[in-house]
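Each chain is listed here by its residues.
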Amino acid sequence: TNDVLGHTGSSDLEKYGNTIEISKENIQSGDLLIQQSSFGSHTQLVTEVNNFWLEITQGNTEKGLIYSNYPNSQFYIGTGLNNSYFTISNGNYYSGQNNQFYDFNKLNQFRAYSWNFNKFKR
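Residues numbered from 1 in each chain as written. Predicted model: local features only at pLDDT ≥ 70, side-chain atom pairs only at ≥ 80, totals over all residues. Heavy atoms only, no water.

The full count for this structure, using the stated rule, is one salt bridge. Arg 111 is paired through a salt bridge with Glu 21; the nearest N and O atoms lie 3.9 Å apart. Separated by 90 residues along the polypeptide, Arg 111 in strand 8 (residues 110–115) and Glu 21 in strand 1 (residues 19–22) bring together distant segments of the chain. Arg 111 sits in the partly exposed class, given a relative accessible area of 39%. Glu 21 sits in the partly exposed class, given a relative accessible area of 46%. (Salt bridge = Lys/Arg side-chain N within 4 Å of Asp/Glu carboxyl O. Helix = DSSP H or I, 4+ residues; strand = E, 2+ residues; numbered from the N terminus. Buried < 20%, exposed > 50% of the residue type's maximum accessible area, 1.4 Å probe, protein only.)

Structure below.
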């Protein structure tokens with residue numbers, strides 16, 4: 001389990017045909033938002049879409065000097081899941097983890113993806 005968890009992540013969801021990029025206007029519950037840097041660096045699962053917000057569920061990390069991506073390590077930096085949302089009108093972000101509202105278009109940092117289940121059949 002640790003080998004799989006330590007070598008998969010956001011960039012793997014973008015590669016290999018596992019997902020298909022979609023426009024943010026077509027996001028549905030079950031789709032993914034992947035934060036962009038030079039590669040996918042953070043994944044959020046869309047759990048609700050309405051006229052006002054996109055609700056997401058995500059895990060986060062707590063930064064440390066020594067860290068590990070392996071859940072069984074004493075240095076694992078992952079946290080529990082939390083719910084947050086983006087406002088549709090301006091892309092502002094509310095973090096459920098630290099109960100903080102970010103007053104800028106954070107949604108622009110993400111691309112939207114839908115699962116490519118046809119790829120899983122091969």
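Now that the structure has been shown, the text picks up again.
Applying the stated criterion to the full structure yields seven aromatic pairs. On the basis of an interplanar angle of 70 degrees and a centroid distance of 5.4 Å, the ring pair of Phe 86 and Phe 110 is categorised as edge-to-face. Placement of the pair is Phe 86 in strand 5 (residues 82–87) and Phe 110 in strand 8, with a sequence separation of 24 residues. Both residues of the pair, Phe 86 and Phe 110, belong to the buried class. Taken together, a centroid distance of 6.3 Å and an interplanar angle of 25 degrees make the contact between Trp 115 and Phe 117 stacked. Residue Trp 115 is classed as partly exposed on the basis of its relative accessible area, which comes to 29%. Since its relative accessible area comes to 54%, Phe 117 is described here as exposed. Ring pairing ties together the aromatic residues Phe 86, Tyr 93, Tyr 102, Phe 104 and Phe 110, which thus form one cluster. A cation sits over an aromatic face here: Lys 106 above Tyr 102, 5.3 Å from the ring centre. (Phe/Tyr/Trp six-rings, centres within 6.5 Å; stacked < 30°, edge-to-face > 60°. Lys NZ or Arg CZ within 6 Å of the ring centre and 35° of its normal.)

Bridge count between strand 4 (residues 53–58) and strand 5: six bridges; the pairing is antiparallel. By the bridge assignment, Glu 55 is partnered in strand 5 with Tyr 85. Two strands pair when backbone bridges link them, and strand 5 and strand 6 (residues 93–95) are joined in this way by two bridges, in the antiparallel orientation. Looking at strand 6, one finds that Tyr 85 is bridged to Tyr 94. (Pairing = 2+ DSSP bridges.)

Taken by themselves, the reported measurements are silent on function.
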